[in-house]
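Report on the structure
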Amino acid sequence: MSGRDLPGEQAGEQAREQTGLARVVLRPMGSPLPLGFLGLALATTAFAAVELGWVPAAQARVVALAALLFTAPLQFLVCVLGFLARDSVAGAAMGVLSGTWAVIGGVTLTSAPGTTSAALGVVLLTAAAAMLVPALAGLPKLVAAAVMGMSAARFAITGVYELTASAEWRTTAGVAGLVLAVVAYYAALAFELEDAHGRALLPVARLGRARTAVRGDLRDQTKGLAREAGVREQL
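Residues numbered from 1 in each chain as written. Predicted model: local features only at pLDDT ≥ 70, side-chain atom pairs only at ≥ 80, totals over all residues. Heavy atoms only, no water.

1. A short note on the overall build of the chain
Worth spelling out the cut-off: By definition, any uninterrupted DSSP run of H or I lasting at least four residues is a helix, any uninterrupted run of E lasting at least two residues is a strand, and each is numbered from the N terminus. Whether a residue is buried, partly exposed or exposed follows from its accessible area with a 1.4 Å probe, protein chains only, as a fraction of its type maximum: under 20%, in between, or over 50%, in that order. When checking whether two residues touch, look at their non-hydrogen atoms; a contact exists if any pair is within 4.5 Å. Note on areas: these come from Shrake-Rupley sampling with a 1.4 Å probe, and a residue is covered only by the protein chains present in the view.
Counting its regular elements, the chain contains 9 helices and 0 strands. Element order for the chain, N to C, with α for helix and β for strand: α-α-α-α-α-α-α-α-α. Across the 235 residues that make up the chain, the buried fraction comes to 34%. In the chain, 71% of the contacts between residues at least 6 apart in sequence involve partners at least 24 apart. By element, 64% of the accessible surface of the chain is carried by carbon and sulfur atoms, the whole surface being about 13,000 Å².

Right, here's the structure in full:
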């Protein structure tokens with residue numbers, strides 16, 4: 001049977017096999033990171049308000065519900081979209097953040113107001129170590145890596161507070177939470193503006209390949225996608 005007699009899709013596959021060429025199809029997708037960073041900013045600000053005493057401990061369950069119903073689902077969505085966009089760093093980071101905030105929200109919701117949990121402290125210290133993996137892997141995107149690294153620090157400090165029940169560590173965790181919120185808001189705005197306007201309006205501090213991927217021409221970007229897909233360039 002000739003290629004002319006085959007259905008369109010099979011004929012196309014036969015033609016590609018004969019020529020040794022592969023087609024790279026780009027799926028248009030906006031950056032999901034701003035959504036994840038905004039969810040992070042909400043959760044860390046709300047818990048910081050409780051840790052600093054701005055919100056009574058008896059109302060911490062409202063904050064826990066915000067983490068469970070708002071932050072965790074949004075970051076899980078960003079995690080999935082990150083992996084679909086072949087951004088394993090963003091996917092891993094948002095996956096860890098989503099799970100950690102879900103645990104924090106669940107424990108806070110089911111515990112007596114103002115109490116600490118050594119078990120939660122161990123979970124938070126482990127989550128902090130896990131966050132260092134995407135933070136180090138994402139160093140070419142310094143702003144995003146800074147958010148991930150500061151999230152690790154925030155979890156670690158809160159974990160120490162949960163283990164020690166120290167008032168000083170509680171205050172330190174609240175301050176770290178507010179600093180993280182500021183950095184997360186900046187990162188969300190910077191990436192959102194870049195995605196909307198097609199260029200960086202606020203510094204996002206990309207280095208190396210991350211910078212080339214944005215500033216390089218279409219040929220450079222297509223070559224990079226072809227290499228990732230394992231496609232051999234035909235000269």
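2. A short note on the confidence of the model for the chain
Threshold: Across the chain, each position has a pLDDT score giving the predictor's confidence in that residue, from 0 to 100.
Considering every residue of the chain, the mean pLDDT works out to 82; 73% of them sit at 70 or more. Throughout residues 1-6 the model reports pLDDT below 50, and contacts reaching past four residues in sequence, or to other chains, amount to 5 contacts. Low pLDDT (under 50) marks residues 210-221, which in the prediction has 10 contacts with non-local residues, meaning those over four places away or in another chain.

3. As for the side chain of Ser151
Here Ser151 is to be found in helix 6 (residues 142-164). Among the residues examined, Ser151 registers a relative accessible area of 0% and is labelled buried. Sequence-distant contacts of Ser151, that is, excluding residues within four places in its chain, are made with Leu40, Leu97, Met131 and Leu180.

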